[in-house]
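Okay, here's what each chain looks like letter by letter:
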Amino acid sequence: MRRSHLHDSLDEAREAAEETAQTARFNTAHALLNDRLRMLQAARPTTEADAEPDWYAQAAAEVRALICPALPERAMSVRRPSALPGSIAHGSGAGVGV
């Protein structure tokens, strides 16, 4: 308001003062929030992040466990059809199984 001579009217000076005050309040709140966040981050123990389980690694291990090949004693033979219906089969079909 001291610089009212820079504005055409007293209302314009008040409006400019209100805008400046609003900007100052915002900047102050922003600076205080940043300081508080920095303090909280510094106070947080760093080992906490290391102690958290890595969900990606856990999921990958579960998938690997599901797709690992069966042990020979648990493997089973699957017979494939020797030919499609209506087609001529070649050979006796012996040894077709896996």
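Criteria and cut-off values
- Residues numbered from 1 in each chain as written.
- Predicted model: local features only at pLDDT ≥ 70, side-chain atom pairs only at ≥ 80, totals over all residues.
- Heavy atoms only, no water.
- Helix = DSSP H or I, 4+ residues; strand = E, 2+ residues; numbered from the N terminus.
- Buried < 20%, exposed > 50% of the residue type's maximum accessible area, 1.4 Å probe, protein only.
- Areas by Shrake-Rupley, 256 points an atom, 1.4 Å probe, with all protein chains shown as cover.
- Phe/Tyr/Trp six-rings, centres within 6.5 Å; stacked < 30°, edge-to-face > 60°.
- pLDDT = per-residue confidence, 0-100.
- Salt bridge = Lys/Arg side-chain N within 4 Å of Asp/Glu carboxyl O.
- Patch = residues over 30% accessible without salt bridge, like charges linked within 9 Å, V, L, I, M, F, W, Y side chains within 5 Å.
- Lys, Arg positive; Asp, Glu negative; His and termini not counted.
- Charge placed at Lys NZ, Arg CZ, Asp CG, Glu CD.
- Expected span 1.5 Å × (residues − 1).

**Some remarks on the overall build of the protein**
Here's step 1: If you tally the helices and strands in the protein, you get three helices and zero strands.
Here's step 2: When the elements of the protein are put in sequence order from the N terminus, they spell out α-α-α.
Here's step 3: Within the span of the protein, comprising 98 residues, buried residues form 1% of the whole.
Here's step 4: With the model as given, the accessible surface of the protein reaches about 9500 Å², and the carbon-plus-sulfur share is 58%.

**Re the packing of aromatic side chains**
Here's step 1: A full pass over the atoms with the stated rule returns one aromatic pair.
Here's step 2: Seen in terms of ring centroids, Trp55 and Tyr56 are 6.2 Å apart; in terms of plane orientation they differ by 85°. Their pairing is edge-to-face. No difference in accessibility class separates Trp55 from Tyr56, as the two residues are exposed.

**Details of the confidence of the model for the protein**
Here's step 1: Overall, the predicted model of the protein reaches an average pLDDT of 76, with 56% of residues at or above 70.
Here's step 2: Across the protein, element-level confidence peaks in helix 1 (residues 10-43) with a mean pLDDT of 92 and bottoms out in helix 2 (residues 47-51) with 59.

**Some points on the pattern of salt bridges**
Here's step 1: In total, this model carries one salt bridge according to the counting rule given.
Here's step 2: With a closest N to O distance of 3.0 Å, Asp35 and Arg38 form a salt bridge. With Asp35 and Arg38 both in helix 1 and three residues apart, the pair spans about one turn of that helix.

**Some details on a negative patch on the surface**
Here's step 1: A surface patch of negative charge is lined by Asp8, Asp11, Glu12, Glu15 and Glu19.
Here's step 2: The exposure class of Glu12 is partly exposed, given its relative accessible area of 38%.

**Side note on helix 3 (residues 55-67)**
The α-helix advances 3.6 residues per turn, and as a result positions three or four apart in sequence lie on the same side.
Here's step 1: With 13 residues, helix 3 ought to run about 18 Å at 1.5 Å a step, and its terminal C-alpha atoms sit 19 Å apart, in line with that.
Here's step 2: Here helix 3 lies mainly on the outside; zero of its 13 residues are buried.

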